[in-house]
Amino acid sequence: MSENKITDRDNALFEAGIKLGALYHQFTGSPVNLKTASSLEQAIQESISVQPFVENISVKIDRDLLKSKLNSEFGYTELQGPMLEVKITVKYGSSRVKVAMEYDPELNYPLMKIVEIE
């Protein structure tokens with residue numbers, strides 16, 4: 001029966017996955033340009049950091065990719081998954097996990113992954 005017991009590690013990983021998914025779907029599509037990228041990074045970090053069990057979060061928007069996507073007439077674009085590099089640490093009970101999301105060029109996809117389990 002103990003093999004079916006849900007552990008702190010299980011819950012930490014679940015919570016971390018929820019955070020990444022929520023972040024991705026909440027913020028992609030947001031209007032952004034080179035002038036507002038820093039404030040959007042900060043807003044994303046602050047929004048996700050108030051959720052339960054988040055110990056640390058860092059969000060970086062790839063400025064080169066952002067610049068390449070800017071609309072020439074209006075000077076902005078929308079935030080896209082490949083532009084995001086995110087690192088989150090979640091602590092649940094006795095377990096701490098680090099997860100990340102970053103663009104994987106081979107898959108042509110912003111891949112979410114487990115980086116470390118403590």
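In this text, all values refer to a predicted model and were calculated from it rather than measured experimentally.

What counts and how
- Residues numbered from 1 in each chain as written.
- Predicted model: local features only at pLDDT ≥ 70, side-chain atom pairs only at ≥ 80, totals over all residues.
- Heavy atoms only, no water.
- Helix = DSSP H or I, 4+ residues; strand = E, 2+ residues; numbered from the N terminus.
- Buried < 20%, exposed > 50% of the residue type's maximum accessible area, 1.4 Å probe, protein only.
- Contact = heavy atoms within 4.5 Å.
- Areas by Shrake-Rupley, 256 points an atom, 1.4 Å probe, with all protein chains shown as cover.
- Lys, Arg positive; Asp, Glu negative; His and termini not counted.
- Charge placed at Lys NZ, Arg CZ, Asp CG, Glu CD.
- UniProt positions renumbered as here; feature names shortened; annotations may be inferred.
- Phe/Tyr/Trp six-rings, centres within 6.5 Å; stacked < 30°, edge-to-face > 60°.
- Pairing = 2+ DSSP bridges.

Engineer: Report on the overall build of the protein chain, specifying residues and quantitative values.
Structural biologist: From N to C terminus, the protein chain includes three helices and six strands. For the protein chain, the sequential pattern of α-helices and β-strands runs α-β-α-β-α-β-β-β-β. Taking the principal axes of the C-alpha coordinates as reference, the protein chain spans close to 65 × 30 × 20 Å. By the burial criterion, 30% of the 118 residues in the protein chain qualify as buried. Considering only residue pairs separated by 6 or more positions, the protein chain has 56% of its internal contacts joining residues 24 or more positions apart. Roughly 7,400 Å² of accessible area belongs to the protein chain as shown, and the carbon and sulfur atoms make up 50% of that amount. Computing the positive centroid from 13 side-chain charges and the negative centroid from 17, the protein chain places the two 4 Å apart.

Engineer: So what's going on with the UniProt feature "binding site: substrate" (unreviewed entry) in the protein chain? Which residues, and what values?
Structural biologist: As annotated by UniProt and renumbered to match this structure, "binding site: substrate" (unreviewed entry) occupies Glu 15 and Met 112. In three dimensions, the annotated residues from a span of 98 residues occupy one location, with a maximal C-alpha spread of 13.2 Å. On the secondary structure map, Glu 15 appears in helix α1 (residues 8-27). A residue is classified by how much of its surface remains accessible, and Glu 15, at 17% relative accessible area, is buried. Every residue in contact with Glu 15, bar those within four places of it in the chain, is listed here: Pro 52, Phe 53, Val 90 and Tyr 92. Within the fold, Met 112 resides in strand β6 (residues 109-117). In contact with Met 112, other than residues within four places in its own chain, are Leu 20, Gly 21, Tyr 24, Ala 100 and Met 101.

Engineer: Report on the packing of aromatic side chains, specifying residues and quantitative values.
Structural biologist: Two measures describe an aromatic ring pair: the distance that separates the ring centres and the angle between the ring planes. The full count for this structure, using the stated rule, is one aromatic pair. A centroid spacing of 4.7 Å and a plane angle of 50° characterise the contact between Phe 53 and Tyr 92, whose relative ring orientation is tilted. Placement of Phe 53 in the loop between α2 (37-49) and β2 (54-61) and of Tyr 92 in strand β4 (residues 84-92) is noted, with a sequence separation of 39 residues between them. Residue classification places Tyr 92 among the partly exposed residues on the basis of a relative accessible area of 23%.

Engineer: Give me the lowdown on the pairing of β4, citing residues and values where you can.
Structural biologist: As judged from the seven bridges shared by β2 and β4, these two strands associate in the antiparallel manner. Bridge assignment links Val 59 to a residue of β4, and that residue is Val 86. As paired strands, β4 and strand β5 (residues 95-104) are joined by seven bridges and run antiparallel to one another. Across the sheet, residue Ile 88 finds its bridge partner in β5, namely Val 99. Between β4 and the antiparallel strand that follows it, β5, lie two residues; Gly 93 among them carries a positive phi value of about 60°.

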